[in-house]
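If you want the building blocks of each chain, they are given just below.
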Amino acid sequence: MPTRLEISLERDIDRIRQQLLEMSGLAERALRDCVEALGGGNRQRAYAVILRDQLIDEKEKEIDRLCLEFLLRQQPVGINLRFAYSAIKVNLELERIGDYAESIARQILRLNALPEAPEAQRHRLVEMADLAIPMLHDAVEAFVRQDAELAKTVVVSEPAVDALLGRLVSELVEAVRESRILPEMLVALSTMGRRLERVADQARNVCMETLYMCTGQYAKHPGSDTFRVLFVDQDNACRGQMAEAIAQSLGQPRFVFSSAGLDPRALDPRTVAFLKEKGHDVSHVAPKGIDQVPNLDYYNVVVGVAAEAQAAFPRTPRNLVYVDWSIDDPSKLEGPPERVRAAYEATYDFLSRNVRDLVGAVLGITIE
């Protein structure tokens, strides 16, 4: 027969679980209302999501209080201690998801003031929501039921949401170029896509907490064992691609290098030919925007190889370092072939020196 202490401990745990389920339900409802508002242009639903965000904030405070009281009163050990620790972190993840829903609702209100967005892009957002919302539901269920296998199943779904975001952004950029949608729509729709992708990321984080609670072993976050560097220029057609190619050629297994542009355009043919001459494999190279970079939040360094790049990162988070390597774009230079070639060589040498110095500084060695 369980002791009074055991009964009290289980009652407190059940109370926290119930509150987490209620908070998750509020977040799911907010996201589903956003989907309804997006499909039907229902401004009332969007306003309701914004107003109800206060309920999620209040629920977060209540769960924090319950977890702290549980730690002080019960002084748990083992899995019960891990449960309390993880519940506090899951609580924060759910509050963030509520914020994402509010942000989506505000973007929907912005869209309603513009001409109707194309059905294809709306459908893409609904596709993302139809993956991200069930991920959230199952992630919280896995935590409450202490189901490690369900948590592992949810984690597998996350890359599909990332892929849909990449497709959405590509479609939006193409639609703006062809004047099928207004530039303002690109901002609103891509922001909504990014928020839904973050919902999937938060669901994954909940699963990581579940695995820790069940096993006592902390699963690493993406990039925790690697150093991620992103090169950013205006169009990802020359300088960023050149820097990424140089960095990749160093063959450093601890590093992940990528590049992106503020307004991605087709690759510069002269840049492609130049990099091939230098021995770089550019067969799989394709321009991409910042929103198409997987796990952007886990990057350690953003390198601006164009002066305009810093505008996209006005206030970098504490875990992100912005470095300015601004240099003129040789692909924009006109004139005699010798002059153009010299500009490419100078850009390549500048980026090569800086890439080697950066990698060497991280590793504490000199890169030749």
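What comes next concerns the included structure.

The next subject is the overall build of the protein chain. Counting secondary structure elements, the protein chain contains 10 helices and four strands. The N-to-C order of helical and strand elements in the protein chain reads α-α-α-α-α-α-α-β-α-β-α-β-β-α. Oriented by its inertia axes, the alpha-carbon framework of the protein chain measures out at about 90 × 55 × 30 Å. Counting only residues that meet the buried cut, the protein chain has 50% of its 368 residues in that class. As presented, the protein chain carries roughly 17,700 Å² of accessible surface, and 53% of it is formed by carbon and sulfur atoms. Averaged over its 45 positive side-chain charges, the protein chain has a centre that lies 2 Å from the centre of its 56 negative ones.

Before going further, it helps to spend a moment on the layout of surface pockets. Estimates place the volume of the second largest pocket at around 180 Å³. Of all elements in the fold, only helix H8 (239–249) and helix H9 (269–277) reach the threshold of two or more residues within the lining of the second largest pocket. Here the lining of the second largest pocket is composed, by residue class, of six nonpolar, five polar and two charged.

Scanning the model with the defined rule gives two cavities of 30 Å³ or more in all. Size it by volume and the largest cavity reaches roughly 70 Å³. If you go around the largest cavity, the residues you meet are Leu31, Cys34, Val35, Leu38, Ile104, Leu125, Ala129, Ile133, Met192 and Leu196. Elements with a contribution of two residues or more to the lining of the largest cavity: helix H1 (4–40), helix H4 (119–145) and helix H7 (183–215). Take the lining of the largest cavity: its biggest share by element is four residues, from H1. Here the lining of the largest cavity is composed, by residue class, of 10 nonpolar, no polar and no charged. In this structure, the second largest cavity spans a volume of roughly 40 Å³.

A few words on the pattern of salt bridges. Evaluated as defined, the whole model comprises 31 salt bridges. Arg65 is the partner of Glu69 in a salt bridge, and the nearest nitrogen-oxygen pair spans 2.6 Å. Of this pair, Glu69 and Arg65 both sit in helix H2 (residues 43–74), separated by four residues, roughly a single helical turn. Residue classification places Glu69 among the partly exposed residues on the basis of a relative accessible area of 30%. For Arg204, the salt bridge is made with Glu158, and the minimal N-O distance between the two is 3.5 Å.

What follows deals with the packing of H4 against helix H6 (residues 158–177). The geometry of H4 relative to H6 is characterised by a closest axis approach of 10 Å and an angle of 165° between their N-to-C directions. On the basis of the axis angle, H4 is roughly antiparallel to H6. In this structure, H4 crosses over H6, and the sense of that crossing is left-handed. Along the contact surface, H4 presents Gln121, Arg124, Leu125, Glu127, Met128, Leu131, Ala132 and Met135, while H6 presents Glu158, Ala160, Val161, Leu164, Leu165, Arg167, Leu168, Glu171 and Leu172.

Conventions adopted
- Residues numbered from 1 in each chain as written.
- Predicted model: local features only at pLDDT ≥ 70, side-chain atom pairs only at ≥ 80, totals over all residues.
- Heavy atoms only, no water.
- Helix = DSSP H or I, 4+ residues; strand = E, 2+ residues; numbered from the N terminus.
- Buried < 20%, exposed > 50% of the residue type's maximum accessible area, 1.4 Å probe, protein only.
- Areas by Shrake-Rupley, 256 points an atom, 1.4 Å probe, with all protein chains shown as cover.
- Lys, Arg positive; Asp, Glu negative; His and termini not counted.
- Charge placed at Lys NZ, Arg CZ, Asp CG, Glu CD.
- 1 Å grid on protein atoms, 1.4 Å probe; cavity = no way out; pocket = protein on both sides within 12 Å on 5 of 7 lines; lining within 4 Å.
- Points joined across faces, edges and corners; volume = space filled by probe spheres on them.
- Nonpolar A, V, L, I, M, F, W, Y, C, P; charged D, E, K, R; others polar.
- Salt bridge = Lys/Arg side-chain N within 4 Å of Asp/Glu carboxyl O.
- Axes fitted to C-alpha atoms, helices over the stretch in contact; angles between N-to-C directions.
- Parallel < 35°, antiparallel > 145°, perpendicular 65-115°, else oblique.
- Left-handed = near helix turned anticlockwise from the far one by under 90°.
- Contact = heavy atoms within 4.5 Å.

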